[in-house]
Amino acid sequence: ETGVTQTPRHLVMGMTNKKSLKCEQHLGHNAMYWYKQSAKKPLELMFVYSLEERVENNSVPSRFSPECPNSSHLFLHLHTLQPEDSALYLCASSQDWQGSYNEQFFGPGTRLTVL
Amino acid sequence: AQSVTQPDIHITVSEGASLELRCNYSYGATPYLFWYVQSPGQGLQLLLKYFSGDTLVQGIKGFEAEFKRSQSSFNLRKPSVHWSDAAEYFCAVGAHRDDKIIFGKGTRLHILP
């Protein structure tokens, strides 16, 4: 596998379920990101990890819980979500999280539907 | 803090016609500028980027963009569009010391046969 992969590609869950999104990057990058993409809204940065340490948390509700066990893997744990959380969740990685290495490589996304 | 504006939500052009997508940014110094494309159901793919140097940047798929400091713009162009170019296009601006890239709201490109 090359680039950034995300699983699952589609997920339907009820408001009481617990699920996890997985992202894996095969680029040797040090930084990984979670974005939320909703209809008619700009991309919203949710979390940034650099070398497995969280460096950014943009006021995301606690029902979203990220985990970065190593620099190649990033998870987003979901619990008690709301219908308005339905969106495309994109994972990205970059060589570093500051300065000229900000070029980000994106995965294909997970289309999440909360019933 | 930086910001980016894409004034056109939708653009429709005929296949074979030229294309220009507008992007305006706000930042106190020379920014890093990017154009990404997103096909339906896919993630974002980098088309081109500007960090410094030549203000006319060539990208993939026949796209180019020109950095105009005086107009705070970084418009994307293509001389002749193909039906496969139908997608959503995002302009993004980054700062030298900041980890964040700020994305515009996107412009959806429709191609008429």
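Within any chain, residue numbers begin from 1 and follow the written order of that chain's sequence. Here every chain gets a letter starting at A, and every ligand a number starting at 1, in the order they are written. Under the rules for a predicted model, residues below a pLDDT of 70 receive no local features and side-chain atom pairs below 80 are neither given nor counted, while totals for whole chains, interfaces and linings still include all residues. As a convention, hydrogens and water are excluded, and side-chain values are obtained from all of the structure's heavy atoms.

Draft legend 1. Up close: the overall build of chain B. Comment: elements are numbered from the N terminus, with helices defined as DSSP H or I runs of at least four residues and strands as E runs of at least two. What chain B contains, in helices and strands, is 0 helices and 12 strands. Listed by position from the N terminus, the elements making up chain B come as β-β-β-β-β-β-β-β-β-β-β-β. Our radius of gyration is a C-alpha quantity, and the globule rule it is checked against amounts to 2.2 Å times the number of residues to the power 0.38. Its C-alpha atoms give chain B a radius of gyration of 13 Å, within 12% of the compact-globule value 13 Å for 113 residues. The dimensions of chain B, computed from C-alpha atoms along their principal axes, are 45 × 30 × 20 Å. Here chain B, with 113 residues, has 47% of them falling under the buried criterion. Any two residues whose heavy atoms approach within 4.5 Å at even a single point are treated as in contact. For chain B, contacts bridging at least 24 residues in sequence account for 54% of all contacts bridging at least 6. Here the open area of atoms and residues is found with the Shrake-Rupley method and a 1.4 Å probe, where only the protein chains shown may cover a residue. Accessible surface computed for chain B: about 5,400 Å², of which carbon and sulfur atoms make up 49%. Partly exposed residues are those whose accessible area sits between 20% and 50% of the maximum for their type, while under 20% is buried and over 50% is exposed, using a 1.4 Å probe and protein chains only.

Draft legend 2. Main features of the overall build of chain A. Helices and strands together make up the secondary structure of chain A, namely 0 helices and 11 strands. Going residue by residue from the N terminus, the α and β elements of chain A occur as β-β-β-β-β-β-β-β-β-β-β. Computed over the C-alpha atoms, the radius of gyration of chain A is 13 Å, within 12% of the 13 Å expected from 2.2 N^0.38 for a compact globule of 115 residues. Taking the principal axes of its C-alpha atoms as reference, chain A extends roughly 40 × 30 × 25 Å. Of all intrachain contacts in chain A linking residues separated by at least 6 positions in sequence, the fraction that spans at least 24 positions is 54%. Surface accessibility of chain A: about 5,400 Å² in total, with carbon and sulfur atoms responsible for 48%. Counting 10 positive and 11 negative side-chain charges, chain A places the centres of these two groups 12 Å from one another. Only four residue types enter the tally: Lys and Arg on the positive side, Asp and Glu on the negative side, with His and both chain ends excluded. By convention, charge coordinates are those of NZ in Lys, CZ in Arg, CG in Asp, or CD in Glu.

Draft legend 3. How the structure looks around the state of the cysteines. Two cysteine sulfurs form a disulfide in these notes if their separation is within 2.5 Å. What the rule picks out here adds up to 2 disulfides over all chains. Between the sulfur atoms of C23(A) and its disulfide mate C91(A) the distance is 1.9 Å. Handedness of the C23(A)-C91(A) disulfide follows from its S-S torsion of about -75 degrees: it is left-handed. One end of the pair, C23(A), is in strand β3 (residues 18-25); the other, C91(A), is in strand β9 (residues 87-94), and 68 residues separate them in sequence. C91(A) carries the same exposure label as C23(A), and that label is buried. Here C23(B) connects covalently by a disulfide to C91(B), the sulfurs 1.9 Å from one another. Residues C23(B) and C91(B) are joined through a disulfide that is left-handed, its torsion about the S-S bond being -65 degrees.

Draft legend 4. Quick look at the interface of chain B and chain A. Facing 22 residues of chain B, the contacting portion of chain A comprises 22 residues. The junction of chain B with chain A conceals about 1,700 Å² of combined surface from both sides, 54% of it contributed by carbon and sulfur atoms. Any Lys or Arg side-chain nitrogen found within 4 Å of a carboxyl oxygen on Asp or Glu counts as a salt bridge. The interface formed by chain B and chain A holds 1 salt bridge in total. Salt-bridge contacts for E103(A) lead to K49(B); the nearest nitrogen and oxygen are separated by 2.4 Å. As used in this structure description, the phrase polar contact means that two N or O atoms lie within 3.5 Å; if the pair is within protein, one of them must be able to donate a hydrogen and the other to accept it, and residues adjacent in sequence are counted only when both atoms belong to side chains. Between the two partners, chain B and chain A, sit 5 residue pairs in polar contact (both at pLDDT 80 or more). Mapped by element, the contributors of at least two residues to the side of chain B that touches chain A are β5 (32-38), β6 (44-50) and β11 (101-103) of chain B. No other element matches the 4 residues that β5(B) contributes to the side of chain B that touches chain A. Amino acids outside the nonpolar list (Ala, Val, Leu, Ile, Met, Phe, Trp, Tyr, Cys, Pro) and the charged list (Asp, Glu, Lys, Arg) are all regarded as polar, and Gly is one of them. Classifying every residue of the side of chain B that touches chain A by side-chain character gives 10 nonpolar, 6 polar and 6 charged. In this description, buried area is defined as the sum, over both parts, of the accessible area (probe of 1.4 Å) that is lost when the two are combined.

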